[in-house]
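This is what each chain is made of:
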Amino acid sequence: MSKRHDTIVVLDFGAQYSQLIARRVRELGVYSQILPFNSTPEDILASGDVKGIIFSGGPASVPAAGSPRPDQRLFDMGLPIFGICYGLQVMSQLLGGLVECPEHKEYGIANIDVLKADSPIFKGVSAHSQVWMSHGDRVARLPEGFVQTASTPSCPYTAVEDRKRKFFGVQFHPEVVHSLEGQKMLSNFVLDVCQAQADWNMGSFINEAVESIRAEVGDRQVLCGLSGGVDSSVAAVLIHKAIGDQLVCVFVNNGMLRKGEAESVLSLFGEHFNMRLQYADAEEAFLSALKGKTDPEDKRKTIGKLFIDTFYNEARKCGDISYLAQGTLYPDIVESRSPFGGPTSTIKSHHNVGGLPEDLKWKLLEPLKELFKDEVRELGRQLGLPEELVDRHPFPGPGLGVRCIGEVTKERLDALREIDAIFIDEIRKAGLYGEIWQALADLLPVKSVGVQGDERTYREVCTLRAVTSQDAMTADWYRMPYDVLQRASSRICNEVSAVNRVLYDISSKPPATIEWE
């Protein structure tokens with residue numbers, strides 16, 4: 001960042017909710033950074049104008065040998081600290097308290113009894129607020145200077161504080177939606193206790209990012225692989241706003257895009273945003289390379305390698321290039337660190353165009369690397385990208401090639417394009433698109449007997465799939481209304497001559513994956 005924003009640092013002890021904590025802080029308008037639990041005071045102060053620290057939860061047990069510990073010097077920095085679950089326990093242990101492993105564990109919804117209504121954390125919070133518990137250990141003895149501020153029948157020290165040193169801790173998870181007033185508690189800590197200025201928003205980000213890009217790039221050229229997805233599109237528009245025609249976008253049509261997507265990308269970025277756009281229509285080359293291939297991994301590797309070669313060949317036509325722009329997001333950066341430090345804590349480059357030749361010697365330009373996905377979507381809106389692109393569901397890099405199960409041919413891809421378009425259209429018409437993490441259609445290498453127009457048919461089968469998810473690590477099948485499925489099935493069988501049977505996939509992840517291949 002060109003400006004040093006007031007910052008809340010989230011120390012990650014391996015919690016599944018660390019990113020959620022940081023997002024909740026940003027929702028308050030305050031910039032947040034996630035750092036490994038063993039970060040030094042110097043690491044933390046280098047993150048910005050740090051106003052406070054949050055210790056995340058974690059899967060380890062504090063009394064166990066080798067469980068993660070923060071740098072003891074953090075408690076002498078004079079910064080407010082808020083410990084959540086494991087964060088509360090490890091803070092208590094290091095400051096002289098005692099953590100135990102009781103027989104009774106506590107998971108799920110609970111109601112706390114607020115014992116000190118004047119506690120800064122519970123300002124404006126109801127006396128029996130609903131919270132979400134998920135812990136085995138608990139604090140058995142408080143460190144010197146701490147007092148109890150809330151309890152539950154099975155966890156006396158549900159919330160504690162040392163108001164003089166501005167150390168606070170809760171045994172529950174205020175960051176999850178099941179803690180009904182959790183965001184208010186986080187707001188009390190971030191805005192009131194830490195006195196952080198709420199100046200983190202997409203308007204200020206755009207201005208600072210444009211200034212930063214111009215300063216870094218100077219008069220050199222930047223290359224961007226434009227896929228038509230959210231991240232690369234937002235990155236391209238932001239960089240173009242900063243340096244104009246110094247940005248060159250390469251768009252490779254591999255023949256496995258959705259219906260009308262190539263035309264849409266060329267129109268939006270080439271005509272509306274007036275970008276320099278290098279277009280490679282490589283459909284025939286990809287179909288030729290895939291001929292006869294049915295193994296999913298073989299197909300993916302073939303598509304990936306040919307994409308790289310095509311992208312590289314197009315890039316060579318663009319003149320002298322100094323930077324490669326990528327739509328790397330903050331979760332990409334965070335997830336490439338080990339929460340327990342060591343050699344794997346080094347940030348890895350995320351080559352969105354995949355495995356580029358090492359001799360290219362381009363510097364990386366990653367203007368979105370401070371943002372979460374929801375922030376990128378908001379940034380896209382403010383930059384003038386259409387809503388149907390900004391809220392688009394994830395789409396695989398190999399495109400419809402991995403949704404055309406079995407051999408990939410132009411005829412099967414054309415049929416799948418129509419099926420996909422009908423399914424998405426019916427979901428949008430029903431107002432359900434925003435509720436679904438990902439909706440997709442697959443064409444199966446299976447034929448079935450059907451009756452169409454009083455005649456016997458023997459045609460292929462397609463399957464429709466829609467899932468809900470938070471992070472794609474797990475997913476549940478979406479309970480699609482029957483009338484939406486009926487309309488989609490009827491249209492597909494009437495409008496797509498290659499298909500006479502439509503299935504709906506009700507598998508969750510695990511055991512299934514979201515994509516079939």
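Preceding block: the structure.
Note that the structure is a prediction, hence the values are computed from the model and not measured.

*Asks:* What am I meant to see in the side chain of Asp-231 here?
*Replies:* Structurally, the position occupied by Asp-231 is in helix H6 (residues 230-243). For Asp-231, a relative accessible area of 18% puts it in the buried group. Not counting chain neighbours up to four residues away, the residues in contact with Asp-231 comprise Gly-327, Leu-329, Leu-368, Lys-373 and Val-376.

*Asks:* Teacher, can you tell me more about the environment of Glu-407 here?
*Replies:* With respect to the helices and strands, Glu-407 occurs in the loop between helix H12 (387-390) and helix H13 (410-429). In sequence terms Glu-407 and Ile-424 are 17 residues apart; their C-alpha atoms lie 24 Å from each other. For Glu-407, the residues in contact, after removing those within four places along its chain, are Lys-291, Gly-292, Lys-293, Thr-294 and Arg-412. Within the local environment of Glu-407, its side chain forms a polar contact with the backbone nitrogen of Gly-292, the two atoms lying 2.8 Å apart.

*Asks:* When you look at the sheet that holds strand S11 (residues 155-162) in this model, what are you seeing that I'm missing?
*Replies:* Two orientations exist for strands paired in a sheet by backbone hydrogen bonds: parallel and antiparallel. Strands sit in the order S2-S1-S3-S4-S12-S11-S10-S7 across an open sheet of eight strands; the sheet is mixed. In the strand order of this sheet, the two ends are held by strand S2 (31-36) and strand S7 (113-114), each with one partner. In the sheet, strand S1 (residues 6-12) pairs with strand S3 (residues 49-55) via six bridges, with the strands oriented parallel. Bridging across to S3, Val-9 finds its partner in Ile-53. Of the strands in this sheet, S3, strand S4 (81-84), S11 and strand S12 (167-170) touch helix H3 (residues 86-94), which is tilted by about 120° from S4.

*Asks:* Whenever I open this one, the pairing of S1 confuses me. Can you help?
*Replies:* Put simply, side chains in a regular strand alternate between the two faces of the sheet. Most of S1 sits out of view: seven of its seven residues are buried. The alternating pattern of S1 places Asp-6, Ile-8, Val-10 and Asp-12 on one face and Thr-7, Val-9 and Leu-11 on the opposite face, and all of these are buried. Sheet topology places S1 next to S2; six bridges connect them, and they run parallel. Bridge pairing in S2 links Asp-12 to Pro-36. Running through helix H1 (residues 18-27), the crossover from S1 to the neighbouring parallel element S2 is right-handed.

*Asks:* Explain H13 to me, please; I cannot follow it from the model alone.
*Replies:* Owing to its 3.6 residues per turn, the α-helix brings residues three or four apart onto one side. Under the 1.5 Å per step criterion, the end-to-end length of H13 is 28 Å for 20 residues, consistent within 8% with the ideal 28 Å. Listed as buried for H13 are Arg-412, Leu-413, Ala-415, Leu-416, Arg-417, Ile-419, Asp-420, Ile-422, Phe-423, Ile-424, Glu-426 and Ile-427. Tucked into the core, H13 has its buried residues touching helix H8 (283-290), strand S18 (438-452), strand S19 (455-468), helix H14 (482-495) and strand S21 (499-504). Of the residues trailing H13, Gly-431 is marked for its positive phi of about 70°.

*Asks:* Whenever I open this one, the pattern of salt bridges confuses me. Can you help?
*Replies:* Where charged atoms from two side chains of opposite charge approach closely, those side chains can pair. According to the stated counting rule, one finds 35 salt bridges in the structure shown. Residues Asp-192 and Lys-123 are paired through a salt bridge, measuring 3.9 Å at the closest nitrogen-oxygen approach. In this pair, Asp-192 is assigned in helix H4 (residues 182-193) and Lys-123 in the loop between S7 and strand S8 (130-135), connecting sequence segments 69 residues apart. On the basis of relative accessible area, Asp-192 is assigned to the partly exposed category, the value being 33%. Note on Lys-123: relative accessible area 49%, which makes it partly exposed. A salt bridge links Asp-391 to Arg-428; its shortest N-O distance comes to 3.6 Å. Highlighted residues: Asp-391 in the loop between H12 and H13 and Arg-428 in helix H13, separated in sequence by 37 residues.

Reading the values: the criteria
- Residues numbered from 1 in each chain as written.
- Predicted model: local features only at pLDDT ≥ 70, side-chain atom pairs only at ≥ 80, totals over all residues.
- Heavy atoms only, no water.
- Helix = DSSP H or I, 4+ residues; strand = E, 2+ residues; numbered from the N terminus.
- Buried < 20%, exposed > 50% of the residue type's maximum accessible area, 1.4 Å probe, protein only.
- Contact = heavy atoms within 4.5 Å.
- Polar contact = N/O pair within 3.5 Å; in protein donor to acceptor, adjacent residues only side chain to side chain.
- Pairing = 2+ DSSP bridges.
- Axes fitted to C-alpha atoms, helices over the stretch in contact; angles between N-to-C directions.
- Right-handed = clockwise from strand over helix to strand, strands pointing away.
- Expected span 1.5 Å × (residues − 1).
- Salt bridge = Lys/Arg side-chain N within 4 Å of Asp/Glu carboxyl O.

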